[in-house]
Amino acid sequence: MSEARGGSASAGCADGYLGDMWRRAVRPGLIIAILGASCGGPAAPALPPVAPAAPRPSRAATAVAQASSPAPTPAATAATARAAPAPAPEAARGDRRFPAPFEREPAPIRGRVAWVADGDTLDIELPSGKVRVRLLGVDTPEKETEHTKAEPWGPEVGAIVARRLRGAEVELIADLAKRDAYDRVLGYVHLDGEDVGAWLLAQGYADVFRIADHPRRARYLALQGAARGAKRGLWGGAPAAPAFIGNRRSKLLHAPGCRWLPAEANREPFDSREAATRAGYTPHRECLGGG
Ligand SMILES: [Zn+2]
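So, a few notes on the structure that sits alongside this text. (Residues numbered from 1 in each chain as written. Predicted model: local features only at pLDDT ≥ 70, side-chain atom pairs only at ≥ 80, totals over all residues.)

1. Re the nonpolar core
By size, the foremost hydrophobic cluster in this structure holds 37 residues, and its most contacted members are I124, V133, V138, V189 and L201. Elements represented by at least two residues in this core include exactly β1 (109–118), β2 (121–126), β3 (129–135), α6 (154–165), β5 (169–174), β6 (184–191), α7 (196–203) and α8 (217–229). The element best represented in this core is α7, accounting for five residues. Discounting chain neighbours no more than four positions away, the residues touching V138 are D120, G197, L200, L201, A206, V208, F209 and Y220. Listed in part, the seven residues of the second largest apolar core include L252, L253, A276 and Y281. (Core = buried A, V, L, I, M, F, W, Y, C linked by C-beta atoms within 7 Å. Buried ≥ 20, exposed ≤ 12 C-beta atoms within 10 Å, placed from the backbone. Helix = DSSP H or I, 4+ residues; strand = E, 2+ residues; numbered from the N terminus. Contact = placed C-beta atoms within 7 Å.)

This is the structure we're talking about:
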């Protein structure tokens, strides 16, 4: 798995997928405080931070490590230096999983996708109101955040999922009463009767979130195995990165590493500066030295 995803461990905003269970299982309040601090979330009362986690090879373990070890901002580093060591969480050792958010699958609820945050997180408008949903049991590569560069396939998968799901009528299979630390429900989403999480795995656009139990876990692992065997998506390596990225709205052309890259929906990739110029784009002064 690491050949395609290796070296892409992000150290920024921890995925809050397990936040709720985490909160109950580890140290009440602590994770919320750290996630709030490193992700710009709601302010939380000051609490003693945990000791930094040792580097871990696996992606799932990375997620755990992120939950207990925030991005190395100067403030966090200083706080960590003062911290007393905390015991390593069970899950980080890879021998225990978090429980399923439901044992038996709840009845599907029909709704419409209002917003796609990234490959595995979306807002769905339900008859009872809008909920933020984290797809259960899958993990898509991260897009760029304030703290981290995008992982290989992160922008691509986010865009693919957005194109497929935005505005779509879907069914949500989730226990709406259970939320994670980001007030998200963990559930399956069906589009035209197809499980979106299973589709992501089959296409090689996601991997199985290894430390979470849920009813479809065995099937998800099988789908992942097939995608990996066929070298689909992220199992085949990194997608070809565009040489330049245009902003459809401003018509500015950026280098891929520019900090002013537009939102995914407004990006237009180019292989050459000339092609972008023909399309009416102007090089961004900061990243390409344009005027
Ligand atoms: Zn730029």
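Don't stop here, the text continues.
2. Considering the sheet that holds strand β10 (residues 252–254)
Read across the sheet, four strands follow the order β11-β9-β10-β12 without closing on themselves; strand pairing throughout is mixed. The open sheet has two edge strands with one neighbour each: β11 (267–270) and β12 (282–283). Direction of pairing for strand β9 (residues 244–247) relative to β11: antiparallel, over a ladder of four bridges. Opposite F244, over in β11, you have F270 as the bridge partner. (Pairing = 2+ DSSP bridges.)

3. As for unusual backbone geometry
The residue D183 is not glycine, and still its phi comes out positive at about 65 degrees. Mapped onto the fold, D183 is located in the loop between β5 and β6. We note that K231 has phi near 55 degrees; this positive angle belongs to a residue other than glycine. If you trace the backbone, K231 turns up in the loop between α8 and β9.

Everything listed is a geometric property; what it means functionally is a separate question.
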